[in-house]
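One letter stands for each residue in the lines below.
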Amino acid sequence: IAAALFREAGIPKRLIPATIALSSFTFTMAALPGTAQIQNAIPMPFYGTDTYAGPILGIVAAIIMFSFGMWWITSRAKKAMAKGEGYGEHKETFADFDESTLPSFGFALIPILIVLIMNFCLTNFYFKHMDAKWLSGAPYNTTLSKVAGTWSLILSLIVAIITVIIINRKRFAGIVKSVNSGAIGSLLAVINTSSEVGYGNVVATLAGFVIIKTAILGISSNPLISSAISVNLLAGMTGSASGGMSIALGALGKTYLDMAHTMGIDPGALHRITVLACSGLDALPHNGAVITLLGITGLTHKQSYKDIFMVCSVGTLFAVIAAVSLALLGVV
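What counts, and where the lines are drawn
- Residues numbered from 1 in each chain as written.
- Predicted model: local features only at pLDDT ≥ 70, side-chain atom pairs only at ≥ 80, totals over all residues.
- Heavy atoms only, no water.
- Helix = DSSP H or I, 4+ residues; strand = E, 2+ residues; numbered from the N terminus.
- Expected span 1.5 Å × (residues − 1).
- Buried < 20%, exposed > 50% of the residue type's maximum accessible area, 1.4 Å probe, protein only.
- Contact = heavy atoms within 4.5 Å.
- Axes fitted to C-alpha atoms, helices over the stretch in contact; angles between N-to-C directions.
- Parallel < 35°, antiparallel > 145°, perpendicular 65-115°, else oblique.
- Nonpolar A, V, L, I, M, F, W, Y, C, P; charged D, E, K, R; others polar.

### Examining helix α6 (residues 55-82)
1) Next: Over its 28 residues, α6 runs 40 Å from end to end, which matches the ideal 40 Å to within 8%, given 1.5 Å per residue.
2) Next: Taken as a whole, α6 has its buried residues at Leu57, Gly58, Ala61, Ala62, Met65, Phe68, Gly69, Trp72, Ile73, Ala77 and Ala80.
3) Next: In this fold, the buried residues of α6 make contact with α2 (16-25), α3 (27-31), α13 (267-278) and α15 (301-328).
4) Next: Count one or two residues on from α6 and you reach Gly84, which has phi positive near 75 degrees.

And the structure:
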């Protein structure tokens, strides 16, 4: 889709990765309240929050990320087109498809709206009034506040998936095959995140980590600032937003929450800033998603990485600074 649109508009193909990255790796992944991304779900059991945590901070950050990214990409495109660069010559095949077989725009929005609305209702109305004392006993040993957000998200996604199948049942070449492909495709994300959480828990038990933990906490006595920096650095080192955040929260999540309670900081603000921070330096050249994106588009780091870095890392840095500043003023 992107290649066809860019070629028709005469915009250089080298800007496609940054455009996709802006829409996938920034505000939709970490900023917008209610987003169903795994990055937005990871902090929930640590802070007892939900996907709608820190709504004002998230919306402000999303506006900054989107505005900066669009300004950068548009400016780059105009300069390239003024020089007569054009789309460029690339070996690629464009697939043809019959638009009459596609669902309408309204039908396409239904599953997305189901996730957002159902997730919000379950989190704020159903589970808040649910008697779940049984969770405190063995083998669960947890509380409803730590799992309600995850339960709401999973149930909402299941209902949305079933709705997609029902609405598009006549369009499927094979429903079972499609569901199987989706399940198999999810394994990479599940295993990656699980392994990184496990790795983080192991690291946290090592004697040497006490020194690292002390150094991280020594950056600032404010958990908002400390978590923003530590998550960003760990995401950059691991080349993974979810991985860096999982390691940071596995080792320091409880400490940050205790500090937030002591200082009267809303856990929702801590949640949103943690998620925003993980989407910054994770977009370094060794990031798996960046490498995959460049591979799919048939471009190289030399051709496209500079623009990816600007819209993902630099734009996110501005958003994190703004969110932390607002959170310090008590905005959530």
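The discussion continues.
### Side note on the environment of Ala207
1) Next: Within the fold, Ala207 resides in the loop between α9 (175-205) and α10 (209-217).
2) Next: By relative accessible area, which is 66% here, Ala207 ends up exposed.
3) Next: Sequence separation of Ala207 and Ala269 is 62 residues, and the distance between their C-alpha atoms is 31 Å.

### Quick look at the packing of α2 against α6
1) Next: Put simply, α2 and α6 touch, their axes get as near as 10 Å, and they point 170 degrees apart. Regarding the angle of α2 to α6, the classification is roughly antiparallel. Packed against α2, whose contacting residues are Ala18, Thr19 and Leu22, the element α6 presents Met65, Phe66, Gly69, Met70 and Ile73 at the interface.
2) Next: Residues of the contact of α2 with α6, tallied by class, amount to 6 nonpolar, 2 polar and no charged.

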